[in-house]
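# Survey of secondary and tertiary structure
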Amino acid sequence: MRPAAPPFIACRRSPAEARIVLFGIPFEGRVNLRKGAHDGPRDVRLASDSIETYSPALRRDLEDLPLADLGDCELPDGAPPREQLDAARRAIAAWWRPGLLPFMLGGDHTATVAVVEALAPAVPDLHVLQLDAHPDTRPEFLGERWNYASAMARVMERLGPERVWQVGMRTGAREEFARRPPHFFPAHEVHPIQAVTRILAELERHPLYVTIDIDVLDPAEAPGTGAPEPGGLRVPELVQIVRLLGRCRVVGADLVEVAHAWDPSGRTGIAAAVVIREALLTWWGDVR
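The text that follows walks through the structure, step by step, so that each part is easy to find.

Quick notes on the rules
- Residues numbered from 1 in each chain as written.
- Predicted model: local features only at pLDDT ≥ 70, side-chain atom pairs only at ≥ 80, totals over all residues.
- Heavy atoms only, no water.
- Buried < 20%, exposed > 50% of the residue type's maximum accessible area, 1.4 Å probe, protein only.
- Helix = DSSP H or I, 4+ residues; strand = E, 2+ residues; numbered from the N terminus.
- Pairing = 2+ DSSP bridges.
- Right-handed = clockwise from strand over helix to strand, strands pointing away.
- 1 Å grid on protein atoms, 1.4 Å probe; cavity = no way out; pocket = protein on both sides within 12 Å on 5 of 7 lines; lining within 4 Å.
- Points joined across faces, edges and corners; volume = space filled by probe spheres on them.
- Nonpolar A, V, L, I, M, F, W, Y, C, P; charged D, E, K, R; others polar.
- Salt bridge = Lys/Arg side-chain N within 4 Å of Asp/Glu carboxyl O.
- Contact = heavy atoms within 4.5 Å.
- Axes fitted to C-alpha atoms, helices over the stretch in contact; angles between N-to-C directions.
- Lys, Arg positive; Asp, Glu negative; His and termini not counted.
- Polar contact = N/O pair within 3.5 Å; in protein donor to acceptor, adjacent residues only side chain to side chain.
- Phe/Tyr/Trp six-rings, centres within 6.5 Å; stacked < 30°, edge-to-face > 60°.
- Lys NZ or Arg CZ within 6 Å of the ring centre and 35° of its normal.

Counting buried positions over the 8 residues of strand 10 (residues 249-256) gives 7, a clear majority of the element. Note: strand 9 (residues 207-213) against strand 10, 7 bridges, orientation parallel. Bridging from a neighbouring strand, P207 pairs with R249 of strand 10. Crossover strand 9 to strand 10 through helix 7 (residues 235-244) is right-handed.

Set out below in structure tokens:
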């Protein structure tokens, strides 16, 4: 792992002392338009210095959690995407153990595949909730199976489509909407808050991994991403969803696709840092 400088806010414990760990996968595969997601881990960490560690709504503070920032997975420069993901998976497997709660900073959405592959063997009933503007279920994209437009197709191959819940989609290829997976809740049919409320009782029954693509937010609030799509959530709405998931047994999570190359204001990373703070304090705020 490559040390992070600076680390995410309030991550002051050593890895040996931590129960909750943040880490980055600075991966960016084959992209056709707006590049820069490989800098997402750095962008989010820098932005975290702009927010408070305390959540008034939750009356909890990140300073009280056993948090460590492990830094970034080292990826072989110039290697094919699958080789880079394998390197990330091996890096995670070297330090992760059951009971340790990981939160990954991406990277494009393909990075989620490496984390799921590392956790799934030890968590047999692992389910995934995806909050995203896109389904990411193309069989391939730009001639590559391991890419951000196919990330959830690869996750479904690993876990089975019945264990993946997709919420918030508002664009994508025609085929992705025609080949509806079993748990698919596009935004034009049901508001994401209503969708999560509807499926919450089922999500509570399983260990849950939550993957948040920052483009689930509206570009007015998060323009710094590779594939912005109008009509998304506001930050308070995404935070409301995060808090709804407080009833679930979240065993890992990520936030991906921040790219400040497309946001000189830096507000995308600040929004991401706030969502991460609320997630850590909601899901794992009692961990000591």
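A few words now on the layout of surface pockets. Each pocket or cavity is described by its volume, and for the largest pocket that value is around 350 Å³. Lining the largest pocket are 27 residues; nearest its centre among them are N32, H134, Y148, A149 and A227. As a volume, the second largest pocket reaches approximately 150 Å³. When residues in the lining of the second largest pocket are grouped by element, the largest group, 4 residues, is from helix 1 (residues 40-48). Residues of the lining of the second largest pocket, tallied by class, amount to 7 nonpolar, 1 polar and 5 charged.

One pass over the structure, following the stated rule, counts 22 salt bridges. Between R180 and E189 there is a salt bridge, with its nearest N and O atoms 2.9 Å apart. Its salt-bridge partner being E221, residue R234 comes within 3.4 Å of it at the nearest N-O pair. Taken together, the residues R234 in the loop between strand 9 and helix 7 and E221 in the loop between strand 9 and helix 7 connect sequence positions 13 residues apart. Among the residues examined, R234 registers a relative accessible area of 47% and is labelled partly exposed. Among the ionic contacts, a cluster of salt bridges with common partners joins R82, D86, R89 and E117.

Overall, parallel pairing links the 8 strands, which are arranged 4-1-5-10-9-6-7-8 in an open sheet. Among the strands making up the open sheet, the edge pair consists of strand 4 (67-72) and strand 8 (184-185). Here helix 1 sits on the sheet and contacts strand 1 (20-25), strand 4 and strand 5 (101-106); the angle it forms with strand 5, its principal contact strand, is near 105°. Against the sheet, helix 6 (residues 192-203) engages strand 6 (127-131), strand 7 (164-167), strand 8 and strand 9, with an angle of about 160° to strand 7.

What follows is about the side chain of D61. Position of D61 among the secondary structure elements: in strand 3 (residues 60-61). Salt bridges are absent for the buried D61, whose nearest opposite-charge side chain, R12, sits at 7.3 Å. Those residues in contact with D61, other than ones at most four positions away along the chain, are T53, Y54 and L281.

Within helix 3 (residues 111-119), 9 of the 9 residues are buried, which leaves it mostly tucked inside the rest of the structure. Among all positions of helix 3, only A111, T112, V113, A114, V115, V116, E117, A118 and L119 are buried.

The next point concerns the environment of W283. Assignment of secondary structure puts W283 in helix 8 (residues 267-284). Along the primary structure W283 and C248 are separated by 35 residues, whereas in three dimensions their C-alpha atoms are 7.8 Å apart. When residues no more than four places from it in sequence are discounted, the contact partners of W283 are F103, V210, V242, L245, G246, V250 and A253. A distance of 3.0 Å separates a polar atom in the side chain of W283 from the backbone oxygen of V242.

Applying the stated criterion across every chain, the model contains 4 aromatic pairs. Between F23 and W95, the aromatic rings sit 5.0 Å apart at their centres with planes inclined by 70°, giving edge-to-face as the arrangement. Of this pair, F23 sits in strand 1 while W95 is found in helix 2 (residues 81-95), placing the two residues 72 residues apart along the sequence. Judged by relative accessible area, F23 falls into the buried class, the value being 0%. Between F141 and Y148 the ring centres are 5.9 Å apart and the planes differ by 75°, which places this aromatic pair in the edge-to-face class. As far as burial versus exposure is concerned, F141 and Y148 are alike and both buried. Of note, R82 hangs over the ring of W146, and the distance from its end group to the ring centre comes to 4.3 Å.

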